[in-house]
Amino acid sequence: MAIFKVEGGHRLHGAITPQGAKNEALQILCATLLTPQRVVVRNIPRILDVMQLIELLRRMGVVVEQLAEDAYAFCARDIDFEYLQSDDYRQRCTRLRGSVMLIGPMLARFGVGYIPKPGGDKIGRRRLDTHFIGFQKLGAKFNFDVADEFFMVEGRELRGTYMLLDEASVTGTANIIMAAVMARGFTTIYNAACEPYIQQLCKMLNRMGARISGIASNLLTIEGVGELGGTEHTLLPDMIEVGSFIGMAAMNRSELTIRNVSFENLGIIPAQFARMGIRFEQRGDDIYIPQQDHYSIETFLDGSIMNIADAPWPGLTPDLLSIFLVVATQAKGAVLIHQKMFESRLFFVDKLIDMGAQIILCDPHRATVIGHDHQMRLRATRMTSPDIRAGVALLIAAMSAEGVSTIQNIDQIDRGYKDIDARLNALGARITRVDECDSLKTGGL
Ligand SMILES: CC(=O)N[C@H]1[C@@H](OP(=O)(O)OP(=O)(O)OC[C@H]2O[C@@H](n3ccc(=O)[nH]c3=O)[C@H](O)[C@@H]2O)O[C@H](CO)[C@@H](O)[C@@H]1O
Ligand SMILES: C=C(OP(=O)(O)O)C(=O)O
């Protein structure tokens, strides 16, 4: 296992391009199972979750061809159903959340699908009811082996229907869309998640021959078709990386250009950073963040304390709240961070408090942060990355802190951020990746 050693206090300078979007990649790669024809996907980020899903597809029998550093072709002519019963399949699926979206396409194309309880961040309860209720509405039979934590669905003749999702689950919506594209008749999905990655999935499916309308809204109508064909698809830039870089620049009082951000697909994210007092300019499709010595959190119109909360798209993505929280520790003013969706995502604030941040964890969902306005620097410390976004928040804290911090469990960060150490070092950061065993041998911890 590797760790990061981070020497704080170095400002960043220059330009960085966000990687292709992790969460879009996971949907799109699963969708390649829907056709026996070739699907080419570009702008694929070389990150752990994505590489693991590609390897999983390969072991399932999909022919995978790497065309360029970030482009792959997939051909799912045949699937090895025996492999789906193997321990290897189970073990690999449990490494990432995105594997859950293999089941919708399998059901649509082959009439059966199997999936163990998926992995992903341990950030609170992550139920899958929406997925399976949706499949059942389409006529599939569902079986969950509780002891084995293994889900099975079967439905040779899916039929379109109306469904109102119990919640706007992102992966649930993707899974149901993929299950419905070849169901007989019309499927209507109300309370569908509608974030840009779902929009991208729908657009790709339509290019493959699907008939999906209502894209970008929470009411999707799908007219089932007999089969889908091949296509080419390019992933959007990762909006969570874009937000992480904005936060990083502000917290380190750095001048940074983030290139090709697909501004129109960032939704409310830039406006929320603006409410934190962070200045930036949209220059074409780039975001330019000038060096800023102070940023003052706005209050609401009535003078009350700013509240930053997550909500289904077009609300603020929960995946950026850890970044807003860490950025607030050096802002002028106070903010209440309200993580509504996940109940175990804010506990990492203990580490920030150790570093000298002024935070009160009100309950598992809410933390009040009173910023130092750069009057006091955080102190370096030793920490462990609990999940992917908290990991990056801790990295941002370490980059701004006084002294050398150590971050363990950086696999969590590598799950979602491509070569983050090398890319940030190119901008002036001082992050060293060390093998934990070597470090222990030399007493370096
Ligand atoms: C691989 C992938 O794409 N993962 C993303 C996906 O996870 P995932 O699809 O697993 O997340 P869901 O959208 O299903 O739900 C996330 C959490 O929010 C709750 N919830 C959801 C919708 C709602 O209207 N109300 C509500 O409370 C759910 O109960 C759950 O606890 O979407 C999450 C929410 O954007 C992101 O954090 C994850 O990064
Ligand atoms: C929660 C996240 O990922 P996953 O759903 O893959 O665990 C995330 O990307 O922040």
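Residues numbered from 1 in each chain as written. Chains lettered and ligands numbered in written order. Predicted model: local features only at pLDDT ≥ 70, side-chain atom pairs only at ≥ 80, totals over all residues. Heavy atoms only, no water.

This part is about the overall build of the chain. Scanning the chain from N- to C-terminus turns up 15 helices and 23 strands. For 445 residues, the compact-globule estimate of 2.2 N^0.38 gives 22 Å, and the C-alpha radius of gyration of the chain, at 22 Å, lies within 12% of that figure. Here the C-alpha coordinates of the chain stretch approximately 65 × 55 × 45 Å along the principal axes. For the chain, buried positions account for 58% of its 445 residues. A separation threshold of at least 6 residues defines the contact pool for the chain, and within that pool the share at least 24 residues apart is 74%. (Helix = DSSP H or I, 4+ residues; strand = E, 2+ residues; numbered from the N terminus. Rg over C-alpha atoms; globule rule 2.2 N^0.38 Å. Buried < 20%, exposed > 50% of the residue type's maximum accessible area, 1.4 Å probe, protein only. Contact = heavy atoms within 4.5 Å.)

This part covers the site of ligand 1. Taken together, 16 residues form the shell around ligand 1, and within it Glu167, Ser169, Val170, Thr171 and Asp319 come nearest. The side chain of arginine 126 places a nitrogen or oxygen atom 3.2 Å from an oxygen atom of ligand 1. In this structure, methionine 341 approaches ligand 1 through a main-chain N or O atom, which is 3.3 Å from an oxygen atom. More than half of the atoms belonging to ligand 1 lie within 2 Å of the grid points that define the largest pocket. (Near = heavy atom within 4 Å. Polar contact = N/O pair within 3.5 Å; in protein donor to acceptor, adjacent residues only side chain to side chain. 1 Å grid on protein atoms, 1.4 Å probe; cavity = no way out; pocket = protein on both sides within 12 Å on 5 of 7 lines; lining within 4 Å. Sits in = over half its atoms within 2 Å of the grid points.)

It is worth spelling out the sheet that holds strand 23 (residues 430-435) at this point. Across the sheet, four strands lie side by side as 21-22-1-23; this open sheet has mixed pairing. The open sheet is flanked by strand 21 (382-384) and strand 23, the only strands paired with a single partner. Mean inter-strand twist for the sheet, computed between neighbouring axes without regard to direction, equals 25 degrees. With three bridges connecting them, strand 21 and strand 22 (residues 404-408) associate as parallel partners. Looking at strand 22, one finds that threonine 384 is bridged to glutamine 408. (Pairing = 2+ DSSP bridges. Axes fitted to C-alpha atoms, helices over the stretch in contact; angles between N-to-C directions.)

This brings us to the sheet that holds strand 15 (residues 281-283). Across a sheet, strands are paired by hydrogen bonds formed along the backbone, either parallel or antiparallel in direction. Judged by pairing direction, the sheet is mixed, and its four strands sit side by side in the order 2-14-16-15 without closing on themselves. The sheet is open, and its two edges are formed by strand 2 (13-16) and strand 15, each paired on a single side. Here the strands of the sheet are splayed against their neighbours by 20 degrees on average, with no regard to which way each runs. As paired elements, strand 14 (residues 255-258) and strand 16 (residues 286-289) share three bridges and run antiparallel to each other. The residue of strand 16 that forms the bridge with leucine 256 is isoleucine 289. The strands touched by helix 8 (residues 239-251) within the sheet are strand 2, strand 14 and strand 16, with strand 14 carrying the most contacts at an inclination of about 170 degrees.

Another aspect to go through is the site of ligand 2. The environment of ligand 2 is formed by 13 residues, the closest being Lys22, Asp121, Arg126, Arg389 and Arg415. Arginine 389 places a polar side-chain atom, nitrogen or oxygen, 2.7 Å from an oxygen atom of ligand 2. Contact with the protein chains hides 95% of the accessible area of ligand 2, taken as 290 Å² for the molecule alone. Here ligand 2 is seated within the largest pocket. Counting residues per element, the ones that place at least two in the shell around ligand 2 are helix 1 (22-31) and helix 12 (388-400). Taken together, the residues that form the shell around ligand 2 break down as two nonpolar, two polar and nine charged. (Areas by Shrake-Rupley, 256 points an atom, 1.4 Å probe, with all protein chains shown as cover. Nonpolar A, V, L, I, M, F, W, Y, C, P; charged D, E, K, R; others polar.)

Turning to empty space enclosed by the protein, a few remarks are in order. By the definition in use, this model includes one cavity of 30 Å³ or more. By volume, the largest cavity is sized at about 40 Å³. Looking at the largest cavity, the residues that line it are Pro196, Tyr197, Leu236, Pro237, Met239, Val261, Ser262, Asn265 and Leu266. The residue makeup of the lining of the largest cavity, split by class, is seven nonpolar, two polar and no charged. (Points joined across faces, edges and corners; volume = space filled by probe spheres on them.)

This paragraph deals with the layout of surface pockets. Within this model, the largest pocket holds a volume of roughly 1000 Å³. Every residue lining the largest pocket is counted, 44 residues in all, and those nearest its centre are Arg126, Val170, Pro318, Met341 and Phe342. When residues of the lining of the largest pocket are traced back to their parent elements, those giving at least two are helix 1, helix 6 (170-180), helix 8 and helix 12. Here the element with the most residues in the lining of the largest pocket is helix 1; it accounts for four residues. Counted by class, the lining of the largest pocket contains 19 nonpolar, 11 polar and 14 charged residues. What the second largest pocket holds in volume is close to 350 Å³. Lining the second largest pocket are 18 residues, with Arg97, Lys117, Arg126, Arg127 and Leu128 positioned closest to its centre. Counting residues per element, the lining of the second largest pocket draws most heavily on helix 5 (residues 129-137), at four residues.

Moving on, we come to the packing of aromatic side chains. Inspection of every chain in the model, using the stated rule, returns 10 aromatic pairs. Aromatic side chains phenylalanine 132 and phenylalanine 142 sit 4.5 Å apart centroid to centroid with 20 degrees between the ring planes, which places their arrangement in the stacked category. In this pair, phenylalanine 132 is assigned in helix 5 and phenylalanine 142 in strand 7 (residues 141-145), connecting sequence segments 10 residues apart. The exposure class of phenylalanine 132 is buried, given its relative accessible area of 3%. Cluster of aromatic residues (ring-pair linked, three or more members): Phe132, Phe135, Phe142, Phe144 and Phe151. One Lys or Arg, arginine 90, reaches over the ring of phenylalanine 150 and ends 4.0 Å from the middle of that ring. Of note, arginine 283 hangs over the ring of tyrosine 288, and the distance from its end group to the ring centre comes to 3.9 Å. (Phe/Tyr/Trp six-rings, centres within 6.5 Å; stacked < 30°, edge-to-face > 60°. Lys NZ or Arg CZ within 6 Å of the ring centre and 35° of its normal.)

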